[in-house]
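# Coordinates in review
If you want the building blocks of each chain, they are given just below.
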Amino acid sequence: MAKYIFITGGVVSALGKGIASAAMGALLESRGFKVTLQKLDPYINVDPGTLSPFQHGEVFVTDDGAETDLDLGHYERFTSVRALQRNNFTTGRIYNNVIMKERRGDYLGDTVQVVPHITDEIKAAIKSVADANDVVLVEIGGTIGDIESLPFLEAIRQMRYDVGRENVLYAHLTLVPFIKTAGELKTKPTQHSVKELRAIGIQPDILLCRTEFPFSEESRRKIALHCNVEPDSVIRALDVDSIYEVPLVYRAEGLDEQIIRKLGLPAPPSDVRDWEALVERLKNPVDSVRIALVGKYVGLKDSYKSLYESLVHGGIANQVSVDVQWVDAEDIERDGPERVLAEVDGVLVPGGFGSRGSEGKITAIRYAREKKVPFFGICLGMQLAVVEYLRNVCGMAEANSTEFDENTPYPVIYLMERWYDFRRKAVQERSKASDMGGTMRLGAYPCVLVPETFAYNLYGQKDIEERHRHRYEFNNSFRKVLQDNGLVISGMSPDGELVEIIEIRDHPWFLGCQFHPEFKSRPRNPHPLFRGFIHAALKSRNVLLSMTDAE
Ligand code: GLN
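## Side note on helix H15 (residues 358–370)
Owing to its 3.6 residues per turn, the α-helix brings residues three or four apart onto one side. Taking 1.5 Å per residue, 13 residues should reach 18 Å; H15 reaches 18 Å between its end C-alpha atoms and fits that length. Downstream of H15 by one or two residues, Lys372 has phi in the positive range, about 60 degrees.

Quick look at the structure:
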């Protein structure tokens, strides 16, 4: 039977509960346990798909097409978990399920209440991911003290009685702040946070204390005493330069030992050599590259979480550090591309929705194409690269995506009315009238690569599968004119209907893909396209450097 670890957060938000959970999962995997991770989010939205990236950060897409919380991205990057819809439940989804059951009459006339109906639904959601896993790690969103998370906390409190004391462990992430004026680390906020947890019936077994400086054994004992936790279970979660150091920091503090002991698990030796090698590479870059990320949501870095991490992974693969310059596409519209792009080694235009900044992105793409700066376009970035090519190479100046100009005479990116959906194995029909969410192509789709292309050479295989999240597609009526003018289509759906990857020749590296490769890149297994892009950026930088040397 699976054992459960519930991770809650206290004191303040943004302590990195997602990374803490993921790192714990990684440590358990390093001992050979089979784990899974789940996130319970206390907001009312049924999923984060409709939330503004400005508010909530990136929407992480799973193979089964679920739009989920970005913490699932951390789970996948740190462990071998392949998340699905059921790895993320929101309050909205839980209530939605309960209300549907009530309408169907499933409760046989009972008064439907938070306890037991909502809490039962939450517990069923938690148990739905257990499968054959040894350990299920469940992260509760929000901070202790929020009204919203109470039903989740009540449900996890009950779980200990449902599945047995020895099968459940509560870990609580808190902050031990350093107060400059006093020159001291303060344990009081942690004490208060644990007090609040205990008031709702949860006694944490393990405390993960985020801290800027390693605190003394005395502080450790003090926290332990006041919080009713064993001193060895007070873990110093020291601030680190890279999130990928977290598993090693936890291990050095004996976190996995504590978990194993408390859950009565066997204790196979741990093997973290891959994590050590990864951190070694990260910390000793032999060079660096500068990449401009030209987007719309650059004010909130969380909006491009997976993308940023994938660039870091591309850096790891080439043993270089990646300096990401966050460029607001509207700045390019205002100031032109030279000012912000002249100094960079690569230009990346990521996914996005809505017309704001789209012309700035097109200008950036043109600059990268003409000045032969390595370019990587993802989803919207690929669509705009096609628009730019049709406009400036094929001479159809009014080309556009119908997302931005419904009346363009050259709708090279448009809503495809009929297409075969390889994931659902059915023909899909859609139009502007169909509802917003329903028309999105979401989740993992197969793609066949064309030999002797950048893409094929990087992946080293013909058949790949990547995750999607978009409505608009490449319009095949423009395929010929684009190809006649040198655009290479290097990846397509198995029936050849959907264009998935485009490239151009006579350029160090210019590639756009309709899918989001960033959802599948891992620090221990960097994605081939990011590896290739960073490699190209590094190469073109060195070419430029040798040219200036020669001058
Ligand atoms: N807005 C575009 C579409 O819906 C691109 C979406 C994206 O970049 N994720 O097709």
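## As for a positive patch on the surface
On the surface, a cluster of positive charge is contributed by Lys188, Lys195, Arg198 and Lys222. Per-element accounting of the positive patch gives the leading share, three residues, to helix H7 (residues 188–199). Looking at where Lys222 falls in the secondary structure, it is placed in helix H8 (residues 217–227).

## Here we look at helix H3 (residues 71–78)
By the criterion of burial, H3 is predominantly enclosed, with eight of the eight residues buried. Taken residue by residue, H3 has Asp71, Leu72, Gly73, His74, Tyr75, Glu76, Arg77 and Phe78 as its buried positions.

## Quick look at the site of the ligand
Contacts to the ligand come from Gly351, Gly352, Phe353, Cys379, Leu380, Gln383, Glu403, Arg469, His470, Arg471, Tyr472 and His516. One of the backbone nitrogen or oxygen atoms of Arg469 is found 2.8 Å away from a nitrogen atom of the ligand. Interatomic distance of 2.8 Å between a backbone N/O atom of Tyr472 and an oxygen atom of the ligand. Notes on the ligand: free accessible area 300 Å², of which the protein chains cover 99%. Within the residue set of the shell around the ligand, elements represented by two or more residues are helix H16 (380–392) and strand S21 (463–470).

## Concerning the sheet that holds strand S22 (residues 473–474)
Within the open sheet, the three strands sit side by side as S16-S17-S22. Their pairing is mixed. Every other strand in the sheet has two partners, leaving strand S16 (400–401) and S22 as the edge strands with one partner each. The strands touched by H16 are S16, strand S17 (411–414) and S22; relative to S17, the strand with the most contacts, the crossing angle is about 170 degrees.

## Focus on the nonpolar core
Formed by 48 residues in total, the largest nonpolar core has its most connected members in Ile5, Met24, Leu137, Leu208, Tyr250, Leu255 and Ile259. At eight residues, helix H1 (residues 17–30) tops the list of elements feeding residues into this core. When neighbours within four sequence positions are excluded, Tyr250 is seen to be in contact with Ala20, Ala23, Met24, Leu27, Leu208, Ile235, Ala237 and Leu255. Of all hydrophobic cores here, the second largest spans 42 residues; its members include Met382, Leu390, Leu482 and Met492.

Cut-offs applied
- Residues numbered from 1 in each chain as written.
- Predicted model: local features only at pLDDT ≥ 70, side-chain atom pairs only at ≥ 80, totals over all residues.
- Heavy atoms only, no water.
- Helix = DSSP H or I, 4+ residues; strand = E, 2+ residues; numbered from the N terminus.
- Expected span 1.5 Å × (residues − 1).
- Patch = residues over 30% accessible without salt bridge, like charges linked within 9 Å, V, L, I, M, F, W, Y side chains within 5 Å.
- Areas by Shrake-Rupley, 256 points an atom, 1.4 Å probe, with all protein chains shown as cover.
- Salt bridge = Lys/Arg side-chain N within 4 Å of Asp/Glu carboxyl O.
- Lys, Arg positive; Asp, Glu negative; His and termini not counted.
- Charge placed at Lys NZ, Arg CZ, Asp CG, Glu CD.
- Buried < 20%, exposed > 50% of the residue type's maximum accessible area, 1.4 Å probe, protein only.
- Near = heavy atom within 4 Å.
- Polar contact = N/O pair within 3.5 Å; in protein donor to acceptor, adjacent residues only side chain to side chain.
- Pairing = 2+ DSSP bridges.
- Contact = heavy atoms within 4.5 Å.
- Axes fitted to C-alpha atoms, helices over the stretch in contact; angles between N-to-C directions.
- Core = buried A, V, L, I, M, F, W, Y, C linked by side-chain atoms within 4.5 Å.

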